[in-house]
Amino acid sequence: METLDHHILALLAADGRMSYTDIGKATGLSTSAAQQRVRRLEQRGVITSYRAVLSPEQLGRTLTAFIAIRPFDPAEDELVPPAIAAMPEVIDCYSVAGEASYLLKVQVATTTELDELLTRMRLNAKVSTSTTVALTTLFTDRPLLEPAGHGSTGADEA
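In this text, all values refer to a predicted model and were calculated from it rather than measured experimentally.

Enquirer: Looking at this model, I keep getting lost on helix α1 (residues 3-14). Mind explaining?
Expert: Structurally, the α-helix is built with 3.6 residues per turn, so residues lying three or four positions apart point the same way. Helix length check: α1, at 12 residues, gives a terminal C-alpha distance of 17 Å against a target of 16 Å (1.5 Å per residue), a fit within 8%. Along α1, the residues that are buried comprise Asp 5, Ile 8, Leu 9, Ala 10, Leu 11 and Leu 12. Its buried side turned inward, α1 meets α2 (20-27) and α3 (31-43).

Structure below.
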């Protein structure tokens with residue numbers, strides 16, 4: 001992938017609403033060339049979506065927890081994801097190697113809500129759970145690429 005495409009991707013990762021004009025200014029491209037580059041990245045599947053990032057605090061979901069789950073019956077492992085997907089408190093679900101089968105990130109308002117969610121998981125998804133509560137979020141959803149000059153060592157630039 002070209003350096004210019006990496007730069008465009010880093011700009012959009014930092015600000016998904018950046019205009020083609022601003023992308024062009026930041027990269028030295030015309031507005032139409034910037035638009036063409038972004039469209040090509042979308043068509044190739046490098047850019048998969050754009051979305052609004054919501055504030056958990058503003059929505060009253062100030063408690064973040066990570067829950068490792070394992071089905072009681074390993075033969076019913078494929079039944080777990082649909083049961084978990086029906087729970088709106090579950091933000092992320094990863095299939096993992098190790099003792100657990102899945103690792104979940106959840107956001108709720110209170111420890112009481114977390115307790116109720118764990119009970120629903122055990123009953124509806126038929127899983128055992130192991131929970132870790134996050135005390136502070138230091139950073140999250142970091143972009144895969146950073147704009148030039150931010151954290152770069154210069155070693156890969158020529």
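Now, onward.
Enquirer: Can you walk me through the sheet that holds strand β2 (residues 90-95) in this structure?
Expert: In a beta sheet, neighbouring strands pair by backbone hydrogen bonds and run either parallel or antiparallel. Across the sheet, which stays open at both edges, the four strands sit in the order β2-β3-β1-β4 with antiparallel pairing between neighbours. Where the open sheet ends on each side, the last strands, each with one partner, are β2 and β4 (127-133). With direction set aside, neighbouring strand axes in the sheet form an average angle of 20°.

Enquirer: Would you explain the packing of aromatic side chains in this entry?
Expert: The geometry of an aromatic ring pair comes down to the distance between the two centres and the angle between the two planes. For the coordinates displayed, the defined rule picks out zero aromatic pairs. Above the ring of Phe 139, the side-chain terminus of Arg 142 is found at 4.6 Å from the ring centroid.

Enquirer: Explanation requested: the environment of Glu 113 in the structure shown.
Expert: Note that Glu 113 resides in helix α5 (residues 111-125). Residues Glu 113 and Glu 89 lie 24 residues apart in sequence; the distance between their C-alpha atoms is 9.4 Å. In this structure the side chain of Glu 113 is engaged in a polar contact, spanning 3.2 Å, whose partner is the backbone nitrogen of Ala 109.

Enquirer: I would appreciate a short explanation of the layout of surface pockets in the present structure.
Expert: Over the atoms a probe the size of a water molecule is rolled, and this reveals where empty space is left. What the largest pocket holds in volume is close to 780 Å³. Leu 9, Leu 12, Ala 13, Ser 49 and Pro 143 are, among the 20 residues lining the largest pocket, the residues nearest its centre. Residue composition of the lining of the largest pocket, grouped by class: 12 nonpolar, four polar and four charged. Computed from the structure, the second largest pocket encloses a volume of approximately 650 Å³. Contributing elements (two or more residues each) for the lining of the second largest pocket: β1 (63-71), β2 and β3 (102-108). Per element, the largest residue contribution to the lining of the second largest pocket is three residues, and it comes from β2. Here the residues of the lining of the second largest pocket are counted per class, giving 11 nonpolar, seven polar and six charged.

Enquirer: Please explain α2 as it appears in this structure.
Expert: Those residues of α2 lying buried are Ile 23, Gly 24 and Thr 27. For α2, the arc enclosing every buried residue in end-on projection is 100°, short of the 170-degree limit, so these residues lie on one face. On its buried side, α2 packs onto α1 and α3.

Enquirer: Teacher, can you tell me more about the packing of α2 against α3 here?
Expert: Think of two packed helices as two axes; the pair is described by the angle between the axes and how far apart they sit. Running from N to C, α2 and α3 point in directions that differ by 100°, and their axes come no closer than 8 Å. As judged from the angle between their axes, α2 and α3 are roughly perpendicular. In this structure, α2 contributes Tyr 20, Thr 21, Ile 23 and Gly 24 to the contact, and α3 contributes Thr 31, Ala 34, Gln 35 and Val 38. A per-class count over the contact of α2 with α3 returns four nonpolar, four polar and no charged.

Cut-off values and rules
- Residues numbered from 1 in each chain as written.
- Predicted model: local features only at pLDDT ≥ 70, side-chain atom pairs only at ≥ 80, totals over all residues.
- Heavy atoms only, no water.
- Helix = DSSP H or I, 4+ residues; strand = E, 2+ residues; numbered from the N terminus.
- Expected span 1.5 Å × (residues − 1).
- Buried < 20%, exposed > 50% of the residue type's maximum accessible area, 1.4 Å probe, protein only.
- Contact = heavy atoms within 4.5 Å.
- Pairing = 2+ DSSP bridges.
- Axes fitted to C-alpha atoms, helices over the stretch in contact; angles between N-to-C directions.
- Phe/Tyr/Trp six-rings, centres within 6.5 Å; stacked < 30°, edge-to-face > 60°.
- Lys NZ or Arg CZ within 6 Å of the ring centre and 35° of its normal.
- Polar contact = N/O pair within 3.5 Å; in protein donor to acceptor, adjacent residues only side chain to side chain.
- 1 Å grid on protein atoms, 1.4 Å probe; cavity = no way out; pocket = protein on both sides within 12 Å on 5 of 7 lines; lining within 4 Å.
- Points joined across faces, edges and corners; volume = space filled by probe spheres on them.
- Nonpolar A, V, L, I, M, F, W, Y, C, P; charged D, E, K, R; others polar.
- Arc of directions from axis to C-beta.
- Parallel < 35°, antiparallel > 145°, perpendicular 65-115°, else oblique.

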